[in-house]
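# A structural walkthrough
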Amino acid sequence: MKKIGVILSGCGVRDGSEIHEAVLTLLAIDSNGAKAVCLAPDIELDEVNHLTMQETGAKRKVLVEAARIARGDIADVKTATAAELDAIVLPGGFGAAKNLCSFAFDGPNGSVQPDVLKLIRDMAAAKKPICAICIAPAVVALALGKDLAPRLTIGNDPGTAQAISATGSSHVECAATECVVDRDHLIVSTPAYMLAGGISEAAKGIDKAIKATLELTR
């Protein structure tokens, strides 16, 4: 059975992983006969009240919050290795752009959280697939843009697409129900809630992206 690392960034669209996207990712992995291995960095995040959408001033732990989505079955991303995984997937949510990297604050000049960066680069070096959903392609662009110039999508938002391109990556417009596959670099991406009008639309794109990712592992 293929083992697919799922890198979570917390729990909640404004300060962590987008929950719909994370659950749809886990469902697609399981439905397609693979095993999800949930991972998250053990770092702090700035808490957002998801009723008011305002920061509370409190701090939470990314790994602890992500464990809610993983039902407790999760590990620190720094303990994962490319040798033990067949592919990795990064769901979206603002946590991808704030906790896994600093794209939300620094755009194309941002940096990737060191443990996440190491795993992404190790997977790329091992020629193993990487899938990124929603805003998470920004993490991959920051990690690999200068070296590999991968083809990625976040949908069609002009400002975000321009920032992705400024990392050295190549942005491709894509519908929410579709995905972009960079076969040269084994990188798959889909817009999900960067563009989707609802959960069923996001689900179609995510399922296609996971299927494409698993096909690249063969």
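Note: the structure precedes this text.
Residues numbered from 1 in each chain as written. Predicted model: local features only at pLDDT ≥ 70, side-chain atom pairs only at ≥ 80, totals over all residues. Heavy atoms only, no water.

### What to know about helix H2 (residues 62–69)
Taken as a whole, H2 has its buried residues at Val62, Leu63, Glu65, Ala66 and Ile69. On an axial view of H2, the arc spanned by its buried residues comes to 160 degrees, and they lie on one face. Opposite the buried face of H2, at more than 90 degrees from it, the exposed residues are Val64 and Arg68. (Buried < 20%, exposed > 50% of the residue type's maximum accessible area, 1.4 Å probe, protein only. Helix = DSSP H or I, 4+ residues; strand = E, 2+ residues; numbered from the N terminus. Arc of directions from axis to C-beta.)

### Quick notes on the sheet that holds strand E11 (residues 187–190)
Ordered by their spatial adjacency, 7 strands build an open sheet running E5-E2-E1-E6-E7-E11-E10, and the pairing between neighbours is mixed. On the outer flanks of this sheet lie strand E5 (74–76) and strand E10 (180–182), each paired with one strand and no other. Neighbouring strand axes in the sheet, compared pairwise and without regard to direction, differ in orientation by 25 degrees on average. Where strand E1 (residues 3–7) and strand E2 (residues 35–40) come together, 5 bridges link them in parallel fashion. Paired with Val6 across the bridge in E2 is Cys38. The strands touched by H2 are E2 and E5; relative to E5, the strand with the most contacts, the crossing angle is about 160 degrees. Of the strands in this sheet, E1, strand E6 (87–90), strand E7 (130–133), E10 and E11 are in contact with helix H8 (residues 199–216), which crosses E11 at around 175 degrees. (Pairing = 2+ DSSP bridges. Axes fitted to C-alpha atoms, helices over the stretch in contact; angles between N-to-C directions. Contact = heavy atoms within 4.5 Å.)

### Quick word on the packing of helix H1 (residues 19–31) against H8
At a minimum axis separation of 9 Å, H1 and H8 run at an interaxial angle of 45 degrees. Overall, the two elements H1 and H8 adopt an arrangement that is oblique. Viewed along their axes, H1 and H8 form a crossing whose handedness is right-handed. Between H1 and H8, the contacting residues are His20, Glu21, Leu24, Thr25, Ala28 and Ile29 on the first element and Ile199, Ala202, Ala203, Ile206, Asp207 and Ile210 on the second. Tallied by class, residues from the contact of H1 with H8 come to 8 nonpolar, 2 polar and 2 charged. (Parallel < 35°, antiparallel > 145°, perpendicular 65-115°, else oblique. Left-handed = near helix turned anticlockwise from the far one by under 90°. Nonpolar A, V, L, I, M, F, W, Y, C, P; charged D, E, K, R; others polar.)

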